[in-house]
Amino acid sequence: MNEWTVVTVMIAVVGLFVTVAKPIIGLNSNITRLSENVERLEARLSELSVRNDDSHRRLWERGDDQARRIEDHEARISVLEQT
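The present account deals with the structure reproduced in this document.

### Details of the overall build of the protein
Okay, so step 1: The helix and strand inventory of the protein stands at 1 helix and 0 strands.
Okay, so step 2: Taken over the C-alpha trace, the protein has a radius of gyration of 36 Å; the compact-globule value for 83 residues is 12 Å, which it surpasses by more than 25%.
Okay, so step 3: Dimensions of the protein, computed from C-alpha atoms along their principal axes, come out at roughly 120 × 15 × 10 Å.
Okay, so step 4: Burial statistics for the protein: of 83 residues in total, 1% are counted as buried.
Okay, so step 5: Summed over its atoms, the accessible surface of the protein is roughly 8000 Å², and 63% of this surface lies on carbon and sulfur atoms.
Okay, so step 6: Charge separation in the protein, taken as the distance between the mean sites of 11 positive and 14 negative side-chain charges, equals 6 Å.

### What about a nonpolar patch on the surface?
Okay, so step 1: Taken together, the side chains of Trp4, Val7 and Ile11 make up a nonpolar region of the molecular surface, amounting to roughly 350 Å² of accessible area.
Okay, so step 2: Inspection of the secondary structure assignment puts Val7 in helix H1 (residues 3-82).

### Side note on the pattern of salt bridges
A side chain with one charge can pair with a side chain of the opposite charge if their charged atoms come near.
Okay, so step 1: Taken as a whole and assessed by the stated rule, the structure comprises 5 salt bridges.
Okay, so step 2: A salt bridge links Asp54 to Arg57; its shortest N-O distance comes to 2.4 Å. Separated by 3 residues within a single helix, Asp54 and Arg57 lie in helix H1, roughly one turn from each other.
Okay, so step 3: The exposure class assigned to Asp54 is partly exposed, which follows from its relative accessible area of 32%.

### Things to note about the environment of Val20
Okay, so step 1: On the secondary structure map, Val20 appears in helix H1.
Okay, so step 2: By relative accessible area, Val20 is classed as partly exposed at 42%.
Okay, so step 3: Each C-alpha atom of the pair Val20 and Leu80 lies 88 Å from the other, and the pair is 60 residues apart in sequence.

About the thresholds
Residues numbered from 1 in each chain as written. Predicted model: local features only at pLDDT ≥ 70, side-chain atom pairs only at ≥ 80, totals over all residues. Heavy atoms only, no water. Helix = DSSP H or I, 4+ residues; strand = E, 2+ residues; numbered from the N terminus. Rg over C-alpha atoms; globule rule 2.2 N^0.38 Å. Buried < 20%, exposed > 50% of the residue type's maximum accessible area, 1.4 Å probe, protein only. Areas by Shrake-Rupley, 256 points an atom, 1.4 Å probe, with all protein chains shown as cover. Lys, Arg positive; Asp, Glu negative; His and termini not counted. Charge placed at Lys NZ, Arg CZ, Asp CG, Glu CD. Patch = residues over 30% accessible without salt bridge, like charges linked within 9 Å, V, L, I, M, F, W, Y side chains within 5 Å. Salt bridge = Lys/Arg side-chain N within 4 Å of Asp/Glu carboxyl O.

Rendered as structure tokens:
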């Protein structure tokens, strides 16, 4: 083995390392960005869930209030009809 064979093998190994390392580094940065996006989406989803629960609670309270008012009107109409 002469020195040029060693140099050629070294160049091939470095080239292989660069060829494999560059996509791995890119993949790692993409995974990091995706993880940050998922964490942000989880926080927003949690916030949305809380607001959604509050909205549903208010809607049900409003519906119950309207049901009581309708029952009151029904009772008043019944009294008026009996007289």
